[in-house]
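Here are the chains, one letter per residue:
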Amino acid sequence: MLLSEENVMSNFLWKLTPSHSWPTTDGTVDSCEWVRLHDHLGGITGHYQIKFTYQIGGQIHHGEFCHHGTPHITPYTVGERLAIQYDPKKPSRYHFSGAGSNYEKLEAILVMTVFALLAGYVLYTF
């Protein structure tokens, strides 16, 4: 259920940006590599770093995004086509709707802040 709420929030914020009306072009995946990270609890986590190219008016542009997943299931393959939206006023600006967002990090920060404020209030009043 959290995933669907995240998608709703992502779609809502995307509709508020001008990129939802940008034209679309084909992009090509150049690389999809697992980036291994250590999390704050001592565990190992990571994400895929996807790099791609797209062409507008004969000029080649590069982009990249992160995809959260598992290291054993590659989400994209080299040469795969992506639908990339680009800013016609500045074609190097792009939007890819399949890119993962960082809303889960924002949500975690918000929850921790509320928890800290509540704990501070309880400690202060008792």
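Analysis parameters
- Residues numbered from 1 in each chain as written.
- Predicted model: local features only at pLDDT ≥ 70, side-chain atom pairs only at ≥ 80, totals over all residues.
- Heavy atoms only, no water.
- Core = buried A, V, L, I, M, F, W, Y, C linked by side-chain atoms within 4.5 Å.
- Buried < 20%, exposed > 50% of the residue type's maximum accessible area, 1.4 Å probe, protein only.
- Helix = DSSP H or I, 4+ residues; strand = E, 2+ residues; numbered from the N terminus.
- Salt bridge = Lys/Arg side-chain N within 4 Å of Asp/Glu carboxyl O.
- Phe/Tyr/Trp six-rings, centres within 6.5 Å; stacked < 30°, edge-to-face > 60°.

Undergrad: Sorry if this is basic, but what is going on with the nonpolar core here?
TA: One broad trend across soluble globular proteins is that nonpolar side chains are buried collectively. If you look at the biggest cluster of nonpolar residues, it comprises 13 residues, and the most contacted ones within it are Ile-50, Phe-65, Tyr-76 and Leu-82. Contributions of two or more residues to this core are made by strand E1 (24-38), strand E2 (44-56) and strand E4 (81-87). Broken down by element, this core gets its largest block of residues, five residues, from E2.

Undergrad: So what exactly am I meant to see when it comes to the pattern of salt bridges here?
TA: Note on pairing: side chains with opposite charge can pair once their charged atoms come close. Throughout the structure, instances matching the rule amount to one salt bridge. Of the charged contacts, one joins Asp-87 and Arg-93 as a salt bridge, the two residues approaching to 3.4 Å between their closest N and O atoms.

Undergrad: Before we go on, may I ask you to explain the packing of aromatic side chains in this structure?
TA: Describing an aromatic ring pair means giving the distance of the ring centres and the angle of the ring planes. Summed over all chains, the structure comprises eight aromatic pairs. The interplanar angle of 85° and the centroid separation of 5.1 Å between the aromatic rings of Phe-52 and Tyr-94 together place this pair among those described as edge-to-face. In this pair, Phe-52 sits in strand E2 while Tyr-94 sits in strand E5 (residues 90-95), placing the two residues 42 residues apart along the sequence. The class of Tyr-94 is partly exposed, set by a relative accessible area of 28%. Measuring from ring centre to ring centre gives 6.3 Å for Tyr-76 and Phe-96, while their planes differ by 65°; the resulting arrangement is edge-to-face. Note that Tyr-76 is positioned in the loop between strand E3 (59-67) and E4 and Phe-96 in the loop between E5 and helix H2 (103-125), a separation of 20 residues in sequence.

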